[in-house]
Amino acid sequence: MIKFNAHRMFTDKKGNEYLFLINNNSLFRLDKKSKNFLKLEGLENEQAYEYLSSVMTVDETDELFNNMKQSGLMIDEKKSISNKIEETAVSPMGVTLMIIQECNLRCTYCYGEGGEYQDKGKMSLEIAKKSIDFLIANTKNKNLLVCFLGGEPMMNFQLIQDVVTYCEEYEKKQELHFRYTITTNGTIWNEKMEEFFRQKQFTVQISIDGRKEVHNCNRCYANGKGSFEIMEKNTKSMRNDGLVSGRATLTATNLNLIDNFRSLNEMNLNSIPMAPAQNLLSDEDYEKLIEENTKLAEYLLQLVKDGNFKTAKKLRILMSGLYKIHKSGIERNIPCGVGSSNIAIDINGDIFPCHRFVANKEYVMGNVLRDTKMNNKSFLEEISVDKHEECNNCWAKNLCAGGCPNENLINAGSTQKSTEKSCKFIRSMYNDLIHVYLELTSNDKKQLWG
């Protein structure tokens, strides 16, 4: 029996474009004309040719299956999870330093317990240096990313400077290149800090939920005062030069996604990721979110058709999913680089799969003060989508790959299980994006991805 676990775009000799979503022993066909799924269950090799004969010739079916084999889309049923994890466990491309587990704000949806992650304090220079040493000792990559995170990382600005200096010393001795990024609430800012970020070419991301009244609903100080005005003032210069991106957290106050995106785009942010706060959204809110996300997908397509590719690319909530559809032929076992290509290190030197797990001490994978390697195999096996029973018969399995494991842990009690409302949203989003993708021309794809 043929076993599939991927998706691929296919254009027949007449120029008709089809999308095949392949999951386990089911093959789903979506064509540009009908935009309907055709589900073919329990395919044997001969059955596959028979069922596809109504839409493809034998030669075209051969071509499709040969492409699948060459791309690794026909999966060996005997291939174990451990074999897949060996392939997934690539060397890290970067490290997230939790340089301070304290924050000057008290955002309503914070998953880090006020930025403290149950362990308040600042990272020492010794642990920061050991973290960089650990990254270099465990990677095969020459281009490395250092992410500064908190809490509010600007509250430990001196350490940021010291870490960059330490990385520059490595660059002088070895064939390495470091890039830097920081996520900040933008409330602690001065000319010296901005000059440093510009000089060192930092990628700066601010947390901003929308216009003033929306932002101040959730992003406020302990006394309840909103933070929008000071953030807007502090970041104005770098925003005007297109050097700042903005991450919006979606709650019931900003579910009109098009309006919310437009208001953020007017602030000249160079990228605008938006993500729902699952812990603050009711079932009714999720229904609204699904409706608004469909409208946002239509808005994205209109931007592309109008030739406004620059603005379209800023819609990170959709562009990342659209890119997964575009890069068909890749089997995904985990949803992102969690625990593999990226790691996070807390104020004590403990190594975690990513910054979101820092409050979950049971997921420590080592410590930079005592370990030379990280133990990530058991974690990667745990979160492999093959361990998600509810994903086995889902057509979006290879696109979603089980969802964010930490959000699963928080909202469903297990890294291997998602909430139904989250799954419903993900399936709806990818269904919308598939329809968008089928409308893209070759030039559209070139403009969006090169």
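It should be emphasised that the depicted structure is a prediction, and the values quoted were computed from it without experimental measurement. (Residues numbered from 1 in each chain as written. Predicted model: local features only at pLDDT ≥ 70, side-chain atom pairs only at ≥ 80, totals over all residues. Heavy atoms only, no water.)

(A) Region of interest: the sheet that holds strand S11 (residues 342–345). Taken together, eight strands build an open sheet; the order of strands is S10-S9-S8-S7-S6-S5-S11-S12 and the sheet is mixed. Pairing within the sheet leaves two strands with one partner each, and these edge strands are strand S10 (274–276) and strand S12 (351–352). Both strand S9 (residues 244–250) and S10 contribute to a ladder of three bridges, which runs parallel. Within S10, the residue paired with Thr249 across the bridge is Ala275. Helix H4 (residues 125–137) rests against strand S5 (94–98), strand S6 (143–149), strand S7 (177–184), S11 and S12 of the sheet, and its axis sits at about 160° to S5. (Pairing = 2+ DSSP bridges. Helix = DSSP H or I, 4+ residues; strand = E, 2+ residues; numbered from the N terminus. Contact = heavy atoms within 4.5 Å. Axes fitted to C-alpha atoms, helices over the stretch in contact; angles between N-to-C directions.)

(B) The arrangement of the pairing of S9 in detail. S9 sits mainly inside the fold: six of its seven residues count as buried. Of the strand pairs in this sheet, strand S8 (residues 203–207) and S9 are connected by four bridges, and their pairing is parallel. Bridging from a neighbouring strand, Ile206 pairs with Gly246 of S9. Chirality of the crossover, the property in question, places the unit of S9, helix H9 (residues 257–265) and S10 among those that are right-handed. (Buried < 20%, exposed > 50% of the residue type's maximum accessible area, 1.4 Å probe, protein only. Right-handed = clockwise from strand over helix to strand, strands pointing away.)

(C) Region of the structure containing unusual backbone geometry. Cis geometry is found at the peptide bond from Gly150 to Gly151, where omega equals 25°. Its place among the elements puts Gly151 in the loop between S6 and helix H5 (157–173). A positive phi is found at Ala401, a non-glycine position, where the angle reads about 55°. As for its placement among the helices and strands, Ala401 is situated in the loop between helix H14 (397–400) and helix H15 (405–412). Of the residues examined, Ala401 reaches a relative accessible area of 0% and is grouped as buried.

(D) How the structure looks around the packing of helix H12 (residues 316–326) against helix H17 (residues 442–449). The contact between H12 and H17 brings their axes to 12 Å, and the two run at 120°. Compared by their axis directions, H12 and H17 come out oblique. In this structure, the crossing between H12 and H17 has a hand that is left-handed. Only Lys445, Leu448 and Trp449 of H17 make contact with H12, whose side of the interface consists of Met319, Leu322, Tyr323 and His326. Across the contact of H12 with H17, the residue classes tally to five nonpolar, one polar and one charged. (Parallel < 35°, antiparallel > 145°, perpendicular 65-115°, else oblique. Left-handed = near helix turned anticlockwise from the far one by under 90°. Nonpolar A, V, L, I, M, F, W, Y, C, P; charged D, E, K, R; others polar.)

(E) Summary view of the confidence of the model for the protein chain. Per-residue confidence for the protein chain averages 86 on the pLDDT scale, and 82% of its residues sit at or above 70. Scored below 50 in pLDDT, residues 1–6 makes 40 contacts in the model with residues more than four places away or belonging to other chains. Low pLDDT, under 50, characterises residues 22–28; the predicted model gives this stretch 45 contacts beyond four residues in sequence or across chains. (pLDDT = per-residue confidence, 0-100.)

(F) Region of interest: the packing of H5 against helix H6 (residues 191–199). It is the contact of H5 with H6, at a shortest axis distance of 12 Å, that shows an interaxial angle of 25°. The angle between the axes of H5 and H6 places the two elements in the roughly parallel class. Crossing hand, H5 versus H6: left-handed. Here H5 contributes Phe157, Ile160, Gln161 and Val164 to the contact with H6, which in turn contributes Lys192, Met193, Phe196 and Phe197. Classifying every residue of the contact of H5 with H6 gives six nonpolar, one polar and one charged.

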